[in-house]
Structure formats: structure tokens, C-alpha cells
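# Architecture and fold: a report
So the chains spell out like this:
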Amino acid sequence: MAERGQLPPPAKRLCCRPGYGAGCRPGQRTVGGGEGGLGGGGTLCLAGPSSSAAASSSAAVALSPALAAAYAALGVLPLGKTQSPESLLDIAARRVAEKWPFQRVEERFERIPEPVQRRIVYWSFPRSEREICMYSSFNTGAAAEDAAAASSPSTATAAAPGAGSTAVGSTGAAGTASVAAGNSGAASSNAAPGGGGAADAAADENRLPFRRGIALLDGGCVDNVLQVGFHLSGTVTEPAMQSEPETVCNVAISFDRCKITSVTCSCGNKDIFYCAHVVALSLYRIRKPDQVKLHLPISETLFQMNRDQLQKFVQYLITVHHTEVLPTAQKLADEILSQNSEINQVHGAPDPTAGASIDDENCWHLDEEQVQEQVKLFLSQGGYHGSGKQLNLLFAKVREMLKMRDSNGARMLTLITEQFMADPCLSLWRQQGTAMTDKYRQLWDELGALWMCIVLNPHCKVEQKASWLKQLKKWNNVDVCPWEDGNHGNDLPSLTNALPHGANAIQDSSNRSHRTVFTRAIEACDLHWQDSHLQHIISSDLYTNYCYHDDAENSLFDSHGWPLWHEHVPTACARVDALRSHGYPREALRLAIAIVNTLRRQQQKQLEMFRFQKKELLHKGVTSITNLEGWVGHPLDPIGTLFGSLMEACRVDEESFHVFSDFTENMGQCKSLEYYHLPAHKFLEEGESYLTLAVEVALIGLGQQRIMPDGLYAQEKVCRNEEQLISKLQEIELDDTLVKIFQKQAVFLLEAGPYSGLGEIIHRESVPMHTYAKYLFTSLLPHDAELAYKTALRAMRLLVLESTAPSGDMSRPHHIASVVPNRYPRWFTLSHIESQQCELASTMLTAAKGDVRRLETVLESIQKNIHSSAHIFKLAQDAFKIATLMDSLPDITLLKVSLELGLQVMRMTLSTLNWRRREMVRWLVTCATEVGVYALDSIMQSWFTLFTPTEATSIVATTVMSNSTIVRLHLDCHQQEKLASSARTLALQCAMKDPQNCALSALTLCEKDHIAFETAYQIVLDAAATGMSYTQLFTIARYMEHRGYPMRAYKLATLAMTHLNLSYNQDTHPAINDVLWACALSHSLGKNELAAIIPLVVKSVKCATVLSDILRRCTLTTPGMVGLHGRRNSGKLMSLDKAPLRQLLDATIGAYINTTHSRLTHISPRHYSEFIEFLSKARETFLMAHDGHIQFTQFIDNLKQIYKGKKKLMMLVRERFG
């Protein structure tokens, strides 16, 4: 809360002297004679002066233990304080102080004795430290509730005079204040920044206002405490810190009917919560009430003064504070002396210490401006800096207030909602067409759920609900109001669809607008709690009808005579959540039990119905969805609500359910108090408990067959909520009783047909059960393996990816994708679903290790149901790892399963692009190697169904033929030869199918077999003329030379030359090295080979520099100087004037001429020097001819004539070449 240093606003109360009518002089008190009051009579049932002695003497009377316990149960006397009963004066004053504004007491009774006034004023201050804690720290849940249970409003009995109430927290009780992250928007030491580790968490907690207030109180920092009427003041000294001196803060607190209504503190801090100084003063008053000076309201003190005393009082007051109050005092004096002034038109004068007026709303002080500012700040941070956590803590604070039945809960949520609706991001996202972030979306969900709880408050007034409905409709009609499913509207049934006694009809879906996050709360405003059957359910543990034999579907009682509640399940569960949220845990538990018993009965009825129709449905092969909206992932989280209510009952002591025991008293029906003292497990089977009921309802909800909702967010929410619920179930240790429930539900899931997500026939688009089935499988496996496998195998299916839908399955329209068949674009979470399917299969594979029959069954299920090659490959890898664990011998059956899955992956990805394909092939060979030589031979025999020719030769056959494989398999010579023969056969087949990519590998693999090698070489020759490129042929030719086949290399080189074409400007082409190598090979073989290849070179190469390089190399040595078998050739150098070099020389000169003209066409000045160097090289080639000098001179003259316009360039030519 924001505490400000200024004085509080003037009180609304106008206090006058009693006993005078309208004609009394200004400033005197008067009494209104309105009707009403305690009991409606004219007598105040409080002890007057004459009875005070009797009341005091009665305090000494000792009560019997039974009577004391009865008083304690009624909240009149603290249990155990049997020797000092409260006086009737205190009992009555405490009740009046809780319920009546003091003005009503004054107006109803002409004279109130001073002792009575004092006790009313005394008891009007809050008595529960838990409430102080609520307004000075965040709450994270049970820790604060457990620590503060003794101080809750209905159970914490007030201390007898002279004794403080039970302390909720001390410096050693860390659980009271919850861990809170700091308010990043408030420059206040009250905020605790987030930290890591236990030490940081403790430090953060100690910085909370509540914890710091306790520390200040325990440190003796509170002083000068004074209570004047309904106003408490004091000073709190903040000890000196390293960087700050000691400061004294002046604190003032106004209160009314046990609630703090305003606070001010001179510290000036602004925050949502009370500052530590306000906390310290409040706790001082609660813990040490007898050490507080208590005075009646200041108007009572003034009334006792005569004129002289009043004048002295005023003058002294002005003297002490003349600088502050003198202007105001003079102004008031002028107005009072003026007969017509406004101040003289009303009777009495305001008194800030006189308590609340009749018209004042009785609620705790909440700084609305700070709430709005903080929420706005958190939203502006866009989920960063822990703002999402802060907003969730604010939501938790709202729930805490609701549970305490604090009206500020609704006020605070209204303020939060207004800031959410004003968030500029909503408009921005709508304009850009982008979805809000997931965390932001979850905040909106919680907002809608909280409004649902508020409007379902069983005791809210009609006008209050009408006000909320008006506000909700206003927000609902704003264009940017988020939709319920996060993307678009849907046609789900309205909330009031299933009301048992005349619900509103469902609107035509075509005329219904989009459902927003507020739609369900708006619909909930039509719900009521007046149904007599519902009233009996929530009000009594004895509500039964053993004579009720109606076995109809919507019967009010089951065969045991126990009550049932037939209502739209999410709506019924919303009632449970509302009861819990508003502090009625016992009533919520009763309704939850009735709902679960109803679900269990419906489940049995559904099973009987399906068994009756099973033959017909299985024959048709069709089914329909019985639930258009699933309970798991539902906006109202019905299963989570039931589970939470029942689990809460498991953890909470019986007595804690009486924290708020006035439910039926307020409702006005079924007021038999003895019902509350009976065990709540009245409607459970023998051996059942809240725990078993919670587990069973969770299993029922998770197993419900439900349609996949529309929209990414809704689908992600289904997955998220399912995983959250399973995570909670996993925290429960299974015993024999729970195992029986698991077995019962698993059997139902398998046999319940369309009512179960694991029925024999399910809807094509029903939500898959993989995650749930995995949990069931691991839970049942140690106890009932057969049922565990049966359940998991049934769950493996994923019908939405099957090639065809069952005929007649038209209960919901399909959206078929045209590009990828049957992968529905509306299934946005399909990849996650498939990964969960894979996890389920992997879990079964792991469990089935060593069991041949189980492994075969699981393998068959995987091959039938999993459609993703990536997931099958993962399963294959998982199976391989499990089968080859280091601490045990390989499991050959599981290895075979791994191999089978790997082979399936090979077949699935053979004709598709997959970036992991090479990894998959290598892994498969490794797996086959572990299985044995027969597996390697098998994959080579059927290679064409598994691998591409390139993969088969470069990876498969090469790996099989490697030494490491031979060593790994411990092969003998015969086995090696057999395996090598298969590899060679594979290589030749691949070479014939894809000679371009496989010929070289085939030659390499066939080196040790002459016939196979010759066959491979012939395949190369046959393919050379048609399909092979010069690069491939050059590569194979080099290989041949390396292996000692120069003539075959020469043959392949000449074939490669026929496919080559180098233009004049390709002087850096990668094939140049191959051309030079081919010419060098031909030159080394002899004149004839060189003469044969030069015409091919001249035809294929037009690049002058390459041709001149070849020409020079041919003139350096005699052809065939190193011929075959190393014999040296003693011949002369070849003449440039004769063939074949003459032809090469002419081609080179011609190439230089053509290249020169081509360069000059688009030459720029920055390339002139480079061009001159090029001409220099050309001159060297020209001069190799006998008339080369003449040719070059003529060539230069022609250039000068043709390109005379390029004066600068021609000048450079003349300078260099004349």
C-alpha cells in the first residue's frame, strides 16, 4: 500500500453531543432515532456500570471442561483457557465490534456507558496476524495458510483482556510470509528482488514488509503507541544502516470492525503492500494490547470539557503546531463566526477517531492506484524481469483474499483486469495478426478462472453479481478482448448447458460471437445455488436416500443411496473451485465426492451400454465423440479441480475444515450442526479414501475420449495439462489399493468403446493417449504386466496419420492437407504427439528386453503405428543401446528388433530427402555387424530395397570389406570370401545401375578378383560414351594409372577429353590439371599416343595459356622417354614444324589472337598493364614458330590499326613492342 506523509482525509462522521435535538448549538452531539440495531430492539445488550462488577466477578468462575470445549467450538473462548472465562461485556463488545459501525451503536442507544465504549473500541482493531500478513507479503500457498491457520477470522478467538492474540510469525517462523520476488517498479526496500539458492530465498523473505515489521517489533523499535478511538498512532525507528542514518517514521492507522481502513506513514514508500512500519505498529497492537494507551474518540474527550478548557485546548494546540495549523485554524474560526457559512449548516463536526459511519464500506485498505501502477508496469515488461511471476503472485493474492472472504479480492481483480484490457500489446498483436506469448496467454486464462470463482461466490448479493456481469460484458465486447482458445471462437456448449433443472438453451452456434476469456464467467452469472438437492449435498454428510431405487441416467441417488450431482462436468467442478476459493473446503469436498461418484456411475453405465452395442459398432467400424470438449486442457480445468480438492483433504487435518464453519448458517438451509462433526468419507466404498478417489478421478479424466481442439494454444494446453496432472500423480506412492484402481480403470479404458480414449474403435481425431498410457504402463508393469502391455499397445495408434478414415466417420469435418496426405494442418502439436508415441514405444522396448514374445509384439505395433522415420530411427537406436549395454551380454532378440526397425527406416527414406540418411546407413551397418555375418549378407543381398547404389558401394560394401569388420566378426577365410563375393556382386550391380557414382567404388572393391575387376572396367567403358562426365572419367583414369594400368588410363583420358570444352577465358578451370595430366600421360607413353590426344586437346581447349603450357611441356622432353615397364626411349625432341606439335602451335597462336580481340572489346584502363603482360606471353608463343617474329609484328600492326581509338593503350603497345 502507498503510505503517505500527509494527514488522512476528514472523517465522514459528524459527532454531536447526545440528548439534544436539531436545535442544539453547533458542535454539540445529537442522536438519531432510526430503527434497527442488535436484535431490532431498543436495548443494547451490553453491561452498564451497574453490571460491570458482576461481570468482573463472573470472570473468576471456573467452567467445566465440557462447557469450555463447547464455548471453544463456538469461537467464544480459546480452547484450553478454562480458568479465565471472558466477561459478558467482552463477549458482547467483541461481537458488536466485528459487525456494527460505531455510528449505528451511537444512534441506536441514547446512552452508552464509557466502559462499554472502551471495550468496543478495544475489540475493533484486527486480531488476526494472518490478515496483516496478507496485506504485507505475497502468498505462495499452503505455507502461509498452515502457519497462520490459528489466526483466521473465524477460528482465532480473541485474547482475553490483557492478553495478546496468537502470533502468526516471529523471526524464527519463516513459513508465515511467502517467498516473493521484488516489485521492480517500486523504488522501495519493501520489495525483495529475486535470488537463487536457499540463502537468497531467506534473504528475500526477510526483506518482505511483514518479515521486516516483525524484526522491527522484536527489536523494540515501536514506541509512543496511542489509540484514540478508532485511530492508532505511534513511531517506528528504522535502525541506522551502513549508508543511511537512523530514521523515525510516524505511523497512523484507522480501523473499523476489525479491519484496517487507512494507513499513513512518513517513510513515503509506495507499494501495493503495507510498509514494514505499519506492520510493526499493527503487530504491536495485536500482541501487546494492554501496553497501548487507549482513549475514547476525541469528540468524547472534548464533550467532557467546559468552555474554558476547550479554549485552552485549542490555543495550546495552535501554539504547538502554529506553523502548520494556524492558517487553517483562522479559516475555520472565520467560518464558524459567520452565520451563513456552510460549516454552520450541519450539526456536529468531523472526528477522525470516531469510527465508521453507517454508509461506509467495511473493507481493508487497498491502494488502488498502486495496484494499477504495478500491474501496468509488469505488463509493460512483456514477461521479462520476472514480471510474469509477479503477476501470478498478484493472482495468488486475489485467491488468498477470496479464501479469507475479503471483499478486496474482487476489487483487486477488477483493477488488474482493467490494466490487462488497457495493455497496448493487445491492439498491436491484433493489428499484426500475431498470437500472444504462451506465458501471457496463461495469465489471461488465470484471469478468466478467477472471475469464474468470483461470480460463483455462493453468498454474493444479487446487486453485486449484476454489477460484475455488467463489467464483464463491457470487457467482453471490447474488440481486443482475447478469445478463449487463444486463436478463434469455437462451438463448444455453453456453460449452463447441462444444468439439471431447466438450464438456458444453447444459443445457435452460427449466431454466437467468439468466446472470450470472460464468456464462461458471464455464463456463470446465470448459475445459482438454490437447488435443494445441491444444498443438501454441500450441507450435510448424512444426506442419503436408501429407499431411492430410480436407476435412470439422471437419478439423484445411486444404488447405495448416496447423492449424485448431474451437471455439465466443467460447470459442476467450477462450483467446487468456487467453494474452495471462498473458504468452504468442507462443502467443496462434499460436492467433489458427489461429482466423482456420479462420474464413476456414468462410467459403469457407459460400459454396460457399449457391451450391449458392441457387436453392431464393431461391425460398422465407426464411432463418434461423446464429449465435444475434453476435461483435460479445459479452460476451467475440471479434473485438476477435483483432484486438488481431494488431495487437499488428504493433507489437511479434520479440524482445519472448520476454519469457516458458518456456511450453512449464512445459506439459511440445513442448519443441523451435528452434520459437521461426522466423517466426510461417508460416501466412499470400503477401503477407499480421499487419496484413492483423487487418483481415480484423475485416471477417469485422462482416459476420456475427446476431440482434438482447434488452435495451437488450445492443443498445447491439452498436452501441458495432461503432463501436469500426470506429474502430480507420479508424486503419489502406489500401494495395493491404488494398484487395484489402476487395474480397474485400465480395464474400463480397454473395454468402454467410444467412451474411452483407448476403446477398440475411436474417432479419427480424438486426442491420443500416448503420454497417459506410458504412465499407466510404468505403474502397472510391476503388478500386472499383461494388462500394462495391453493398455500401452492399444494406445500406440495414431489414427489421424492413417491412410484412410473408417467409412462413415463423418461426425466431425476433416481438413485434409493436399501436400502431405493425412497430416492435418490443424494438428499443430503433431510433432510433440509423435515424440510421445515414440517415448511410449521406447518404454515398452526397454521393459520387454529378454522377452521374445513381448518384443515381437512391440515391434509389430511400432511398424504398424509409427509413421515418422526419424522416430523409428530413434527407437532403433534406443533398442540397440539397451541390447548392447556394457554390463551384460548382448540381447540378440532386441538386436534383431533394432535391425528390423533400422531396415524399416531405410525403406521409408530410400526415395525421400533426409539429411540424416548417411548417419542412418552407417548405423544400420553397425547394427547388422552386431547381429552377425548373416545380417550383413542379407542387407547386401537386398540392397536395392534399402540403399541407393552410392550408399551401397561407398558405405555398406566398403564397411563390410574393412579389416575392422572382419576382426569384429572373427571371420575365417571361407566366411571372408563369401562376404567379399557378396560385396563384389553388390558393387557390380550398383555400377551397372549408376556407373557415374559407383564405377570407381566397384573397381576398388573388385581389385582382388580379376574377372570382377574386368567386368567393372567394361561397365566404365560402356558408360563412358553416354552417361559419364569428364570429371568422373578423369578420376577413374587416374585411379587406373595408380593401379598400374597406364594404357587403360590413357583410354579413359581420351574418352574424357571428348566431353570437355574449355573456352578462352577459363584459365582457372578445375579440369586444367586433368588436361595437363592426360597430355603428360600421353607424352610418356609415346609419340603415337601424344599424336592421338593432341587433336582432342585442340578441339576441346580454346584457352591460350593452357595450350601454350601444354606446348612447352611437349617440347621439353622426347615422347616415350619413360615408357611401359620403365624402358627408356632414346628419340629426338619433336619438331614444332611437323605434326602433331605444328597443329598444337597453330592452335595456340590462334587462341592468343582470338583472346586478344575478345579482351580488347571490353577492356578498361585499370587492366591495361595486365593486357600488356598477356601480349608478352603471346609473343613468346609466336616466336616458337620459324616465322613467328613476322606474324607477331603483323599482329601488333593490325591491333594498332583496329584499336587506334584506344590511344593510351596503343601508346603502351608501341612502347613495349614497337
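Residues numbered from 1 in each chain as written. Predicted model: local features only at pLDDT ≥ 70, side-chain atom pairs only at ≥ 80, totals over all residues. Heavy atoms only, no water.

The secondary structure content of the protein chain amounts to 50 helices and seven strands. In the protein chain, buried positions account for 51% of the 1218 residues. Within the protein chain, counting contacts between residues at least 6 apart in sequence, those at least 24 apart form 73% of the total. As displayed, the protein chain has an accessible area near 56,300 Å², and 54% of this comes from carbon and sulfur atoms. (Helix = DSSP H or I, 4+ residues; strand = E, 2+ residues; numbered from the N terminus. Buried < 20%, exposed > 50% of the residue type's maximum accessible area, 1.4 Å probe, protein only. Contact = heavy atoms within 4.5 Å. Areas by Shrake-Rupley, 256 points an atom, 1.4 Å probe, with all protein chains shown as cover.)

Considering every residue of the protein chain, the mean pLDDT works out to 78; 78% of them sit at 70 or more. Every residue in residues 804-823 scores below 50 in pLDDT, and together they form 40 contacts with partners more than four places removed in sequence or on other chains. Within the model, the stretch residues 1123-1130 combines pLDDT values under 50 with 13 contacts to residues more than four positions away or in other chains. (pLDDT = per-residue confidence, 0-100.)

This paragraph deals with the pattern of salt bridges. This model, assessed by the stated rule, comprises 44 salt bridges. When the shortest N-O distance is used, the salt bridge between R411 and E368 registers 2.6 Å. Note that R411 is positioned in helix α16 (residues 408-421) and E368 in helix α14 (residues 368-380), a separation of 43 residues in sequence. Members of the salt-bridge network, linked through shared partners, are E484, R515, R520 and E523. (Salt bridge = Lys/Arg side-chain N within 4 Å of Asp/Glu carboxyl O.)

Take the packing of helix α37 (residues 949-960) against helix α39 (residues 973-993) next. The N-to-C vectors of α37 and α39 enclose an angle of 165°; their axes lie 9 Å apart at closest approach. Relative to α39, the element α37 lies roughly antiparallel. By crossing handedness, the relation of α37 to α39 is classed as left-handed. Note on element contacts: α39 touches α37 through L979, A983, L986, A987, C990 and K993, opposite P949, A952, T953, A957 and V960. For the contact of α37 with α39, the per-class residue count stands at nine nonpolar, one polar and one charged. (Axes fitted to C-alpha atoms, helices over the stretch in contact; angles between N-to-C directions. Parallel < 35°, antiparallel > 145°, perpendicular 65-115°, else oblique. Left-handed = near helix turned anticlockwise from the far one by under 90°. Nonpolar A, V, L, I, M, F, W, Y, C, P; charged D, E, K, R; others polar.)

Our next topic: the pairing of strand β2 (residues 222-228). Sheet topology note: the β2/strand β3 (residues 231-238) ladder contains five bridges and is antiparallel. Across the sheet, the residue bridging to V228 is H231, located in β3. What sits between the antiparallel neighbours β2 and β3 is a turn of two residues, in which G229 has the positive phi angle 60°. (Pairing = 2+ DSSP bridges.)

This part covers the UniProt feature "domain: SWIM-type" (unreviewed entry) in the protein chain. Mapped onto this structure's residue numbering, the UniProt feature "domain: SWIM-type" (unreviewed entry) falls at residues 249-286. Annotated as 29% helix and 39% strand, the span residues 249-286 places its first and last C-alpha atoms 19 Å apart. (UniProt positions renumbered as here; feature names shortened; annotations may be inferred.)

Next up on the list: the packing of aromatic side chains. Under the criterion given, the structure shown has 24 aromatic pairs. Measuring from centroid to centroid gives 6.3 Å for W444 and F518, while their planes differ by 75°, and the two rings are edge-to-face. Pair noted here: W444 is in helix α18 (residues 438-455) and F518 is in the loop between α19 (462-476) and α20 (519-524), with a separation of 74 residues, a long-range link. Considering the side-chain rings of Y543 and F557, the 5.3 Å spacing of their centres and the 65° angle between planes classify their relative orientation as edge-to-face. Taken together, the residues Y543 in the loop between α21 (532-539) and α22 (569-581) and F557 in the loop between α21 and α22 connect sequence positions 14 residues apart. Y543 sits in the buried class, given a relative accessible area of 16%. Classification of F557 as buried rests on a relative accessible area of 5%. Ring pairing ties together the aromatic residues F395, F420, W429, Y440, W444, W451, W475 and F518, which thus form one cluster. (Phe/Tyr/Trp six-rings, centres within 6.5 Å; stacked < 30°, edge-to-face > 60°.)

Let us now look at the sheet that holds strand β4 (residues 247-256). With mixed pairing, the five strands of this open sheet are ordered in space as β5-β4-β3-β2-β6. Edge strands, defined here as strands with exactly one partner in the open sheet, are β5 (259-265) and β6 (293-295). Averaged over all pairs of adjacent strands, the angle between their axes in this sheet comes to 20°, without regard to strand direction. Pairing analysis gives six bridges linking β4 to β5, with the strands arranged antiparallel.

The subject of this paragraph is the environment of W451. Tracing the backbone through its elements, the reader meets W451 in helix α18. Accessibility expressed as a relative area gives 1% for W451, which makes it buried. Each C-alpha atom of the pair W451 and A578 lies 9.8 Å from the other, and the pair is 127 residues apart in sequence.

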